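A look at the structure
Chain by chain, the residues run as shown.
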Amino acid sequence: MQFENSLAFAQSLDQKDALRSYRDQFHFPQLNGKDVIYFVGNSLGLQPKNSKAFVDEIMEDWKNLGVEGHFYAEKPWWDYHERFSSTLSKIVGAKPSEVSVMNTLTVNLHLLMVSFYRPTSKRFKIICEEKAFPSDQYMLASQVRFHGYDPEEAIVTLKKRDGEHNFRTEDVLKTISAVGEECALLLIGGVNYYTGQVFDMETITTAAKAKGMFVGWDLAHAAGNIELKLHEWDIDFAAWCSYKYMNSGPGSASGCFVHERHHGLKDIPRFEGWWGHHKKERFLMAPEFVPEPDVNAWQISNAPVLSMAPYLASLEMFDEVGMESLIKKRDLIVSYLEYILNEVAKEVKGNFEIITPSNPEERGTQLSVFLHGYGKDIFHYLMENGVYLDWREPNVIRLAPVPLYCSFEDVFRFGEVLKAGLSSSEL
């Protein structure tokens, strides 16, 4: 498509946008009486307007039914998590029996590593990406120390080439081959939080499995953003937060995936609790654990339904829209944002560097940009003028025009604010 840097062109794209009506189903923060331009859904998605009704329903059931809400609420609490399986399985490319919602992201990764990081004297290493999200770095180091190993020796980090911002798949495969049978686990973020690069998850998983490794993926920036085929790609496990692209609210419950070949195994290492016990026998209060026959065997405690309710509300929209439509708009709106950034750079002679891959197959909703020479002042200017985005040290701004609620007019108007800021003598 031939883009134009004009309000009329942006509005014409919005008129053709099959998802434009969904914007009205979200609450936008206000600045000076106007909706902000919200490009930070990769950190916290906007609140769906229907989420309050889902929370209120639980509050009313709690008020009117008390403990009986577990079984007699319109959406009984004791099996509330089961309502997520069908829609989530379509979003992440899994079978309904392979996905559930429980805990929070890093908690789930720790719990899943009980099953899938089982080091031996020969096979004890973990492969992860260089400068992974800090929570993943802390988690991996603590797991390695827990098992009596030195993180400096046990954790192998994938490196970028000098002067390059993104990982090359061929280099990842070389590392997998080199570490080989010393590696117990490969655990990488499916989308790099800093650059927005999408890893070739299928190719990497296949190579790691061929070397006998367990394979897990942190999908914090991937779920609800990119196409996933977790079952087909033969991934062992994955987990994701729900408050970014899936709009469930701050710190809300995490989704997790365990491939069906690991289901029904009584001898698999696993931290166990009441809610992972087979539901048909759960209230018999038997002393011996009988696992649920699916991913829910990894549950420990009963479902935190108040925090899960907004997630369920948001998933109603995902079920209506479907990932194919979201990805189609995503590719167009991110390409338009890339075009606008380049046009602004020409007009103000700005030294911009987009470090996210230009190939749509290697990126999702996010563009990460160096604005060389401008420093954090430009970030503050944009925020103060109604553009919500985020800054990551040492010097990158991340822009995420989420297709479910961002418009092409948002992208054009962002360009105008950016141009004004870069032209300002105050910076």
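Treat the numbers as computed from the prediction; the structure is a model and nothing was measured.

**Observations concerning the packing of aromatic side chains**
- Evaluation of the coordinates by the stated rule reveals 26 aromatic pairs.
- With a centroid separation of 5.0 Å and an interplanar angle of 10°, the aromatic rings of Phe-116 and Phe-237 are classed as stacked. You can see Phe-116 sitting in helix 5 (residues 105-116) and its partner Phe-237 sitting in strand 11 (residues 237-240), a full 121 residues away along the chain. Taken as a pair, Phe-116 and Phe-237 share a single burial class, namely buried.
- Put simply, the rings of Phe-3, Phe-9, Tyr-336, Tyr-339 and Phe-408 pair up and form one aromatic cluster.

**Focus: the environment of Arg-123**
- By the element assignment, Arg-123 lies in the loop between helix 5 and strand 7 (125-129).
- Sequence separation between Arg-123 and Glu-416 is 293 residues; the distance between their C-alpha atoms is 55 Å.
- Leave out the neighbours within four places in its chain, and Arg-123 touches Arg-118, Gly-180, Glu-181, Glu-182, Cys-183, Ala-184, Lys-211, Gly-212 and Met-213.
- At 2.7 Å, the side chain of Arg-123 and the backbone oxygen of Cys-183 are in polar contact.
- Looking at Arg-123, its side chain comes within polar contact range of the main-chain oxygen of Gly-212, at 3.4 Å.

**Quick notes on helix 4 (residues 85-92)**
- Burial runs high along helix 4: 6 of the 8 residues are buried.
- Of the positions making up helix 4, those classed as buried are Ser-85, Thr-87, Leu-88, Ser-89, Ile-91 and Val-92.
- At the exit of helix 4 stands Gly-93, carrying a positive phi of roughly 70°.

**Digging into the sheet that holds strand 13 (residues 352-354)**
- Read from one edge of the open sheet, 4 strands run 13-14-17-16, paired in antiparallel fashion. A strand with exactly one partner marks an edge of an open sheet, and here the two such strands are strand 13 and strand 16 (390-392). Taken over all neighbouring pairs, the strand axes of this sheet differ in orientation by 30° on average, direction set aside.
- As defined by bridge partners, strand 16 adjoins strand 17 (residues 396-399) across 3 bridges and the pair is classed as antiparallel. Its bridge partner being in strand 17, Trp-391 is matched across the sheet by Ile-397.

**Regarding the environment of Tyr-405**
- Within the secondary structure layout, Tyr-405 lies in the loop between strand 17 and helix 13 (408-423).
- On the accessibility criterion, Tyr-405 (0% relative accessible area) is buried.
- Taking the C-alpha atoms as reference points, Tyr-405 and Leu-46, 359 residues apart in sequence, are found 8.4 Å from one another.
- Beyond its immediate sequence surroundings of up to four residues, Tyr-405 is in contact with Arg-23, Phe-26, Phe-28, Tyr-38, Gly-41, Gly-45, Leu-46, Asn-247 and Asp-410.

**Quick look at the nonpolar core**
- Core analysis: the largest hydrophobic core is formed by 108 residues, its most contacted members being Trp-217, Trp-240 and Tyr-336.
- It is helix 11 (residues 323-348) that contributes the most residues to this core, 13 residues altogether.
- By size, the runner-up hydrophobic cluster in this structure holds 29 residues, among which are Tyr-117, Ala-154, Leu-185 and Val-295.

Quick notes on the rules
As a convention, each chain's residues are numbered from 1 in the sequence order in which they are written. This being a predicted model, a pLDDT of at least 70 is required before a residue's local features are given, and a value of 80 or more before pairs of side-chain atoms are given or counted; all residues contribute to the totals for chains, interfaces and linings. As a rule here, side-chain values come from all non-hydrogen atoms in the structure, and water together with hydrogens is ignored. Any pair of Phe, Tyr and Trp rings, taking the six-membered ring for Trp, is counted once the centres come within 6.5 Å. Such a pair is stacked with planes under 30 degrees apart, edge-to-face with planes over 60 apart, and tilted for the rest. Per the convention used, a helix needs a DSSP run of H or I reaching at least four residues, while a strand needs a run of E reaching at least two, with both numbered from the N terminus. Each residue gets one of three labels from its accessible area relative to the maximum for its type: buried under 20%, exposed over 50%, partly exposed in between, using a 1.4 Å probe on protein chains only. Contact criterion: two residues are considered in contact whenever any of their non-hydrogen atoms come within 4.5 Å of each other. Nitrogen and oxygen atoms within 3.5 Å of one another constitute a polar contact, given that in protein one can donate a hydrogen and the other can accept it, and given that sequence-neighbouring residues count only through two side-chain atoms. In this analysis, strands are considered paired if DSSP registers two or more bridges between them. Structural elements are reduced to axes, namely lines fitted to C-alpha atoms, with helices fitted over the stretch in contact, and the angle between N-to-C directions of any two is expressed from 0 to 180 degrees. Take the buried Ala, Val, Leu, Ile, Met, Phe, Trp, Tyr and Cys residues and link them wherever side-chain atoms come within 4.5 Å; each set so joined is a nonpolar core.

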